[in-house]
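Listed below are the residues making up each chain.
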Amino acid sequence: MNEIMESASALCKRCGLGEIKGSIEPVSGGLMHKMYKVQTESGTYALKSLNPEIMKRPGVMENYAVAEDLEQILEENGLPIVPALTFDGKKMLSLEGRYFYLYRWQEGRITDPHAISPEQCYTAGEILGRMHGIDAQNVAPEEPENSEVDFREFMKIAEEKESTIALCLKENLELLETAQEELNRARESLPAMRAIDNGDMDPKNVMWYDGEAHVIDLECLSRGNPIATVLDLALQWSGTVEKNFLHGNLESFFNGYLHAYDNGFRSYEDLFGIAYSWVGWLEYNLRRVLGLESSREEEIHLGEAEVRNTIGRIKYLHDIEEEVRKVLEKLPAPDPSRYMTHDDRLCYIDLIFEGELSDIPQYALPEGYRFVHYRSGDEMAWIDIEFSAGEVLNKEHGETCWARYYGGREAELPGRMVFIENEAGEKIATATAFYDIHGNADPTEGQLHWVAIKKEEQGKGLSKPLITNVLHVMKDLGYTRTKIHTQTNTWLACKVYTDLGFSPEKENFLKNRAGWKMAGLLTGKEYICR
């Protein structure tokens, strides 16, 4: 205690907080770092002493730097957090090879894990939703970070060291390996999204004072997948950590979250494997108890307790899986009135329709509009339309897409690419009767490409006339069937294609069930394969 007292005194003086008054008090609760209450001449503070073993990990300083930047963004957006104090432009403080954070003392109590109320769950979910909603984005698909814990090797080491956890590992080996497999399958199924994220916002990291929540311990802030995190944290807030699952708390957490932020995804029941993300915490504590992280007795004893606790939680989650799925299946549907025709707030999942071209109706354009075909030089008009509709990010992205799909094929476009012009002769919508540019499709099968209507022209009855006109062009070119690529964040197009008699392509339907469920909830249609 003398060592931490000396460190606290030196840091408070350096930071201009004055002399320490009395002794410092340890604060319970942290499983990795140590926290102390410090009273100085200028006020009361919390001092966090970061675990020296954690600070030796590769990349740890970069991770903390990211967390500090994101913490600043949360402050600017008014989230109820307890941020680290900044001194001379820095949050993290170093002293003689050790690292610390200082905070203003926050009155209140940590969430009681045995008495979490539905109201607390709603508030916690709402805070997480506000956090994710700041800058959630659809991103390019990436290979998931699969868990590769070798439980058999850990069991072998435990047996060799005659560790007290050897028998526990042996008895649960098959369950742990199955849990890890389910976790990896769920991660592989996640839509590719990123948001400011705090996977550590479990009940022990939220304080309550006069009924208000205050999120603490923000050093795990990162950019993560919001779909994975909300499911993981909702389960923790609903009592699974203490092996007392409450349906109403799970519902309340999601209700608060979806009130603040809703990306439209509703297939959480198919991602139950995310619940087994405890596998990562288990691996860390196996290394702890076996002396692979540190030889300190305190660390080994903490590791032993957490190994047993974590295996118990994984067993409990396995036992309640069906109960949890039933709650997740009944989450409220997304409200379509919250979304635009093309809305990048919606989770992006590829969808493919298919169907015959033998019986396509023809819808007439409203008065004041006319169809025209591509002429040389129309590339910029195409890019302008796609940009306005939100299909491309900017002019440069539009040029890249044009080059990929139509570069070198411009001679074909007069017979395939259609525009709608308004009375002023401005091109305001487009679609193309094309084919698989990779040459993999049946030659009798066309593809409807890049359907877009300028934002200010949407809602004027142009989509069905445009689509049916181009499908007739496709039919006249000799195609008998078509595939139509779309996605969940252009959800209203799904209703149009369904009304025209098209149905989901079987392979896409089986692969992207979550996307078809989203489209169905938003459009009120039931999507089935024919």
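Remember, predicted model here, so these are calculated numbers, not experimental data.

Cut-offs and rules
- Residues numbered from 1 in each chain as written.
- Predicted model: local features only at pLDDT ≥ 70, side-chain atom pairs only at ≥ 80, totals over all residues.
- Heavy atoms only, no water.
- Helix = DSSP H or I, 4+ residues; strand = E, 2+ residues; numbered from the N terminus.
- Buried < 20%, exposed > 50% of the residue type's maximum accessible area, 1.4 Å probe, protein only.
- Contact = heavy atoms within 4.5 Å.
- Areas by Shrake-Rupley, 256 points an atom, 1.4 Å probe, with all protein chains shown as cover.
- Axes fitted to C-alpha atoms, helices over the stretch in contact; angles between N-to-C directions.
- Left-handed = near helix turned anticlockwise from the far one by under 90°.
- Nonpolar A, V, L, I, M, F, W, Y, C, P; charged D, E, K, R; others polar.
- Salt bridge = Lys/Arg side-chain N within 4 Å of Asp/Glu carboxyl O.
- Pairing = 2+ DSSP bridges.
- 1 Å grid on protein atoms, 1.4 Å probe; cavity = no way out; pocket = protein on both sides within 12 Å on 5 of 7 lines; lining within 4 Å.
- Points joined across faces, edges and corners; volume = space filled by probe spheres on them.

Draft legend 1. Examining the overall build of the protein more closely. Counting secondary structure elements, the protein contains 17 helices and 18 strands. By principal-axis analysis of the C-alpha atoms, the protein measures approximately 85 × 55 × 45 Å. With 530 residues in all, the protein has 52% of them scored as buried. Across the protein, every contact between residues at least 6 apart in sequence was considered, and the portion connecting residues at least 24 apart equals 74%. Here the protein displays about 24,900 Å² of accessible surface, and carbon together with sulfur accounts for 47% of that area.

Draft legend 2. The packing of helix H3 (residues 118–133) against helix H8 (residues 247–260), seen in detail. Packing of H3 against H8 brings their axes to within 6 Å, and their N-to-C directions diverge by 35 degrees. Relative to H8, the crossing made by H3 is right-handed. Where H3 approaches H8, its residues Pro118, Cys121, Tyr122, Ala124, Gly125, Glu126, Leu128, Gly129, Arg130 and His132 are matched on the opposing element by Asn249, Ser252, Phe253, Asn255, Gly256, Tyr257, His259 and Ala260. Its residues placed into classes, the contact of H3 with H8 shows eight nonpolar, eight polar and two charged.

Draft legend 3. Representation of the environment of threonine 164 within the structure. With respect to the secondary-structure elements, threonine 164 resides in the loop between helix H4 (151–160) and helix H5 (166–171). For threonine 164, a relative accessible area of 49% gives the class partly exposed. Through-space distance from the C-alpha of threonine 164 to that of leucine 290 is 9.8 Å; in sequence the pair is 126 residues apart. Once residues within four sequence positions are removed from consideration, threonine 164 is found in contact with Glu304 and Arg308.

Draft legend 4. Just the pattern of salt bridges, in detail. Applying the stated criterion across every chain yields a total of 37 salt bridges. One salt bridge connects glutamate 321 with arginine 325, and the closest N-O pair in it is separated by 2.8 Å. Here arginine 325 and glutamate 321 lie together in helix H11 (residues 321–329), a separation of four residues that amounts to about one turn. Accessibility expressed as a relative area gives 13% for glutamate 321, which makes it buried. Aspartate 343 is paired through a salt bridge with arginine 345; the nearest N and O atoms lie 2.6 Å apart. The exposure class assigned to aspartate 343 is buried, which follows from its relative accessible area of 1%. Several salt bridges share partner residues, and in doing so they unite Lys34, Arg288, Arg296, Glu298 and Glu299 into one network.

Draft legend 5. Structural view of the sheet that holds strand S11 (residues 222–224). If you walk across this open sheet you meet the three strands as S7-S8-S11, and the pairing is antiparallel. The two strands at the open ends of the sheet, each matched to only one other strand, are strand S7 (137–138) and S11. Running over the sheet, helix H7 (residues 226–240) touches strand S8 (193–197) and S11 and is turned about 55 degrees from S8.

Draft legend 6. Local environment of helix H15 (residues 491–499). Burial in H15 covers these residues: Trp491, Cys494, Val496 and Tyr497. The first or second residue beyond H15 is glycine 501, which carries a positive phi of 100 degrees.

Draft legend 7. Examining empty space enclosed by the protein more closely. A full pass over the atoms with the stated rule returns one cavity of 30 Å³ or more. Estimates place the volume of the largest cavity at around 70 Å³. For the lining of the largest cavity, the secondary-structure elements that each account for two or more residues are helix H2 (60–76) and strand S5 (98–104). Sort the elements by how many residues they give to the lining of the largest cavity and H2 lands first, with four residues. Of the residues in the lining of the largest cavity, the class split is six nonpolar, no polar and four charged.

Draft legend 8. Quick look at the sheet that holds strand S2 (residues 34–40). The strand order across the open sheet formed by five strands is S1-S2-S3-S5-S4, and the pairing between neighbours is antiparallel. At either margin of the open sheet sits one strand with a lone partner, and together these are strand S1 (25–27) and strand S4 (93–95). On average, each strand axis in the sheet is tilted by 35 degrees relative to the strand beside it, whichever way the strands run.

Draft legend 9. Representation of the environment of leucine 286 within the structure. You can see leucine 286 is positioned in helix H9 (residues 278–289). A residue is classified by how much of its surface remains accessible, and leucine 286, at 0% relative accessible area, is buried. Distance in space between the C-alpha atoms of leucine 286 and phenylalanine 151 is 9.3 Å, their sequence separation being 135 residues. Every residue in contact with leucine 286, bar those within four places of it in the chain, is listed here: Phe151, Phe154, Ile165, Leu169 and Val307.

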